[in-house]
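# Structure at a glance
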Amino acid sequence: MAKRSHVVRGAALAVVSGLTLTACTSLVADIEVAPNATDPLCAQAMVAMPEEIAGHERRRTDSQSTAAWGEPAAAVFRCGVQNPGPTTDECVGANGVDWVVREEGTNWRITTYGREPAMEVLFDGERVSSSSVMVDVGNAAARIPSDGGCTDPSDTEVVPGEADLDEIPEGVAPQETTPSE
């Protein structure tokens, strides 16, 4: 009888411990899955996700190619989002990864630029700094090869538009202009 009592107590302890562990690592449910979340390159990024961002511990999620940190979530990662095209939004580099940065009130959205599939992190700018997110997630983002990056507008070449064609004599190539002209 004593042996059976120890087995029952052991089983009860295991159940209580399991509930305690579940409560400590609550699930972040219903993160919208990105259109290209099944891309094999997302799996490579996911295995390199940090366990912590700016002091916020990583939590379990129920959506493919996603991650979340903090309780409540201070940052949410999705791999396989739409690749941003050319944009006038701020584009910055951190540790070899370029990010398009968009401030959306107190929340921020950073999206990798020049990597496909693209990845994004949505985060509370009052609880986490953008530089922390970029650096902490950068190693995982770098697992996806770069095929381009941010461009400094001062390094771009001015290409004549359709309206400019009327001003160029036929048979003459357009000439670059310098700021002093």
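A brief look at the structure comes next. (Residues numbered from 1 in each chain as written. Predicted model: local features only at pLDDT ≥ 70, side-chain atom pairs only at ≥ 80, totals over all residues. Heavy atoms only, no water.)

## Remarks on the nonpolar core
The condition that has to hold: By nonpolar core is meant a set of buried Ala, Val, Leu, Ile, Met, Phe, Trp, Tyr and Cys residues that side-chain atoms within 4.5 Å join together. The classification of residues rests on relative accessible area computed with a 1.4 Å probe and restricted to protein chains. Under 20% of the type maximum is buried, over 50% is exposed, and intermediate values are partly exposed. Secondary structure elements are taken from DSSP: a helix is a run of H or I of four residues or more, a strand is a run of E of two residues or more, and numbering for both begins at the N terminus. In what follows, a contact means two residues having at least one pair of non-hydrogen atoms within 4.5 Å.
If you look at the biggest cluster of nonpolar residues, it comprises 27 residues, and the most contacted ones within it are Met49, Trp69, Phe77, Ile110, Val121, Val133 and Val137. Of all the elements in the fold, those that place two or more residues in this core are helix H2 (40-46), strand E3 (66-69), strand E4 (75-81), strand E6 (97-104), strand E8 (118-124) and helix H3 (130-141). Among the elements that take part in this core, H3 stands out by supplying 5 residues, more than any other. Those residues in contact with Ile110 that sit more than four places away from it in its chain are Trp99, Val100, Val101, Met119, Glu120, Val121, Phe123, Val133 and Met134.

## Description of the sheet that holds E6
Note the following rule: Strands are treated as partners if at least two bridges between them are detected by DSSP. Between the N-to-C directions of two axes lies an angle of 0 to 180 degrees, each axis being a line fitted to C-alpha atoms and, for a helix, fitted only over the stretch in contact.
Sheet architecture is open: 8 strands sit in the order E1-E2-E3-E4-E8-E7-E6-E5, paired in antiparallel fashion. Looking at which strands have only one partner, the edges of the open sheet turn out to be strand E1 (52-53) and strand E5 (90-94). Inspection of the sheet shows E5 paired to E6 by 5 bridges, in the antiparallel sense. Bridging across to E6, Glu90 finds its partner in Val101. Running at roughly 140° to E6, H3 makes contact with E1, E3, E4, E5, E6, strand E7 (107-112) and E8 of the sheet.

## A closer look at the side chain of Thr112
Among the secondary structure elements, Thr112 is positioned in strand E7. Overall, the relative accessible area of 0% leaves Thr112 in the buried class. Ignoring sequence-local partners within four residues, the contact set of Thr112 consists of Asn83, Pro84, Val97, Asp98, Trp99, Ala118, Met119 and Ala141.

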